[in-house]
Amino acid sequence: MAKKQSKKTLKPVRPQLGDGVEILNAGSVLEDPITRTLETNYMPYAMSVIVSRALPEIDGFKPAHRKLLYTMYEMGLLKGARTKSANIVGSTMHLNPHGDAAIYDTMVRMGRGNESLLVPFVDSKGNFGKAYSRDMSCAAARYTEAKLEGVCEELFRDIDKETVDFVPNYDSTTTEPTLLPVTFPTILANNTLGIAVGMACNICSFNLAELCATTVALMKDEHHDIGTTMPAPDFVGGGQILYDEAQMREIYENGRGSVKVRARYNAVPGENMIEVTQIPPTTTVEAIMDKSAELVKTGKVKFSCCDHRILAHTVDLILVDGESVGKCIILLGLLQLFERWGNDLRIKQSDLRGRFRGVGQCAFLAFGSGLVLFRLHIVQTIGFTSGVDIALNIC
């Protein structure tokens, strides 16, 4: 005997809408001109990116920066002690719902330890990474601490005197300022890069003392010559500007242009070494090392002397995690080693005493206290009673 089949009730496709709720024109295909679709869908998105995300306002901050600084101000971090970065990130999510990773990256770049800004706004403690290195990343938010720098007093000095407008946050549970009542032109104090929809900005930084002096001079005389008090930009990593007064005046007048910056270096007499002390802001030390190694491999840079005494250097071989392999390793006949072993270097040093074994250990070859010139990989270590023969490969 066949079982009586019970009639199944269809569940709504979207139960969260409730029973009996229908979506108008659901599943139907509507024809619409592409121009109208762009106006109704793409244009609001483009305006949102331009106005409230990618480009800085007149106070010099993008919305993500402003939300973070205001949250830290409300947490009492202008005068109080540092707190864990994870606490700051969590509190900022009341104003910025884009995720903890994006908020922490914003705070890292504004920190003094990262060395990204000429005038940092976050007093950082712990490993915040370095802007001039692509490999030195910051530690997790649970390990680092932060508070506001003293200069932030000039950002919030009159915020309680109805100097700026406040708007509700994304869920209308609190309010946030649309601008910060800054007392100096922060938009020119730090470098800012913004890429929006159909437009972008790349503002370089200027010396704070020169910037304030120029501002005061312009308030007194609107026809003041800016070039007399603020001759050129200033960068956090240093470097040397190839100065062209006519080009700089054109940049000041039109707001568009570019400047060329090169590294600062010193030739150390008697040590056969060029010590690079400052690099341009648009590069990293790893990029310089890779380019130097590439020039050596292609033969564009060659040693001009074969004297073992001149080619001898005292170096430190240091692992990436900071553990020292050995001090005062003497490289003799560096040119001959290159010619004999190709890109491999073989160093015999009795002080190593077979401490390090294995394959694939990454190391740096640093000359004195100057810039690291080559990155090396320990490809093989072989133990002997008299020492260790280490094969190093320049990458």
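Sequence order sets the numbering: in each chain, residues are counted from 1 along the sequence as written. Side-chain atom pairs in this predicted model are given and counted only at pLDDT of 80 or more, local residue features only at pLDDT of at least 70, and totals for whole chains, interfaces and linings cover all residues. Computation of side-chain values: all heavy atoms of the structure, hydrogens and water removed.

Asker: Just give me the short version of the packing of aromatic side chains, but keep the residues and values in it.
Answerer: For any two aromatic rings, the description comes down to two numbers: the centre-to-centre distance and the angle of the planes. Side-chain rings of Phe, Tyr and Trp (the six-membered ring for Trp) are treated as a pair once their centres are within 6.5 Å; stacked means planes under 30 degrees apart, edge-to-face means over 60, and tilted covers the remaining angles. Within the structure shown, the criterion is met by seven aromatic pairs. Measuring from centroid to centroid gives 5.8 Å for Y42 and Y45, while their planes differ by 50°, and the two rings are tilted. Residue Y42 and its partner Y45 are located together in helix 1 (residues 34-54), separated by three residues, close to a single helical turn. Taking the centre distance of 6.0 Å and the plane angle of 65° together, the rings of Y70 and F166 count as edge-to-face. With Y70 in helix 2 (residues 63-74) and F166 in strand 4 (residues 166-168), the pair connects residues that are 96 residues apart, well separated along the chain. The buried category is assigned to Y70, whose relative accessible area is 10%. Of the residues examined, F166 reaches a relative accessible area of 33% and is grouped as partly exposed. By way of ring pairs, the aromatic residues Y70, Y73, F156 and F166 are connected into one cluster. Under the DSSP-based scheme used, a helix requires at least four consecutive residues in state H or I and a strand at least two consecutive residues in state E, with every element numbered from the N terminus. Buried, partly exposed and exposed residues are distinguished by accessible area as a fraction of the type maximum, computed with a 1.4 Å probe on protein chains only: under 20%, between the cut-offs, and over 50%, respectively.

Asker: Describe a nonpolar patch on the surface, listing the residues and the values that go with them.
Answerer: In this scheme, patches are assembled from residues that exceed 30% relative accessible area and form no salt bridge. Like charges are connected within 9 Å, while nonpolar side chains (Val, Leu, Ile, Met, Phe, Trp, Tyr) are connected within 5 Å. Exposure was quantified through the Shrake-Rupley algorithm and a 1.4 Å probe, taking into account, for residues, occlusion by the shown protein chains and nothing else. Salt bridge, as applied in this entry: a Lys or Arg side-chain nitrogen positioned within 4 Å of an Asp or Glu carboxyl oxygen. On the surface, a nonpolar cluster with roughly 430 Å² of combined accessible area is contributed by I34, L38, Y42 and Y45. With respect to the element layout, I34 can be found in helix 1. For I34, a relative accessible area of 60% corresponds to the exposed category.

Asker: How would you summarise the sheet that holds strand 1 (residues 83-84) if you had to cite specific residues and measurements?
Answerer: Reading across from one edge, 1-3-2 is the order of the three strands in this open sheet, with antiparallel pairing throughout. With partners counted over all chains shown, the strands left at the sheet margins are strand 1 and strand 2 (122-125), one partner each. Here the rule is simple: two strands pair whenever DSSP picks up at least two bridges between them. Examined bridge by bridge, strand 2 and strand 3 (residues 145-148) share four bridges and lie antiparallel to one another. Bridge assignment links S124 to a residue of strand 3, and that residue is A146.

Asker: Run through the nonpolar core, naming residues and quoting values.
Answerer: Only buried residues count toward a nonpolar core. Its members are Ala, Val, Leu, Ile, Met, Phe, Trp, Tyr and Cys residues joined through side-chain atoms within 4.5 Å. Judged by nonpolar contacts, the single largest core of 35 residues is most densely connected at L69, M72, M110, F121, L148, L155 and F156. Contributing elements (two or more residues each) for this core: helix 2, helix 3 (85-92), helix 4 (100-110) and strand 3. Contact definition: two residues touch when any of their heavy atoms are within 4.5 Å. Those residues in contact with L148 that sit more than four places away from it in its chain are L69, M72, Y73, L77, L78, F121, D123 and F156. In terms of nonpolar packing, the next biggest core, distinct from the first, is built from eight residues, V49, A196, V197 and C201 among them.

Asker: How would you explain helix 1 if you had to name every residue and give the values?
Answerer: The span expected for a helix works out to 1.5 Å for each residue beyond the first. Helix length check: helix 1, at 21 residues, gives a terminal C-alpha distance of 26 Å against a target of 30 Å (1.5 Å per residue), a shortfall beyond 12%. We define the bend at each residue as the angle formed by axes fitted to the 7 residues ending at it and the 7 residues starting at it. Most pronounced at Y42, the bend in helix 1 amounts to some 40°, and the proline P44 follows within four residues. If you check which residues of helix 1 are buried, you get A46, V49, I50 and A54. On its buried face, helix 1 sits against strand 6 (192-195).

Asker: Can you tell me about unusual backbone geometry, naming the residues and giving the values?
Answerer: A positive phi angle, near 55°, is found at E162, a position not held by glycine. Considering the arrangement of structural elements, one finds E162 in the loop between strand 3 and strand 4. A relative accessible area of 77% places E162 in the exposed class. Notably, S172 is not glycine yet its phi reads approximately 60°, a positive angle. Considering the arrangement of structural elements, one finds S172 in the loop between strand 4 and strand 5 (175-177).

Asker: Any details on the pattern of salt bridges? Residues and values, ideally.
Answerer: A side chain of one charge can pair with a side chain of the opposite charge if their charged atoms are brought near each other. Taken as a whole, this structure holds 12 salt bridges when the rule is applied. The shortest N-O distance in the salt bridge between D123 and R82 comes to 3.3 Å. Here D123, found in strand 2, pairs with R82, found in the loop between helix 2 and strand 1; they are 41 residues apart in sequence, far enough to count as distant. What makes D123 buried here is its relative accessible area of 18%. E115 serves as the salt-bridge partner of K130, at 2.8 Å between the closest nitrogen and oxygen. Placement of K130 in the loop between strand 2 and strand 3 and of E115 in the loop between helix 4 and strand 2 is noted, with a sequence separation of 15 residues between them. If you follow the salt bridges from partner to partner, you end up with D225, E245 and R249 in one network.

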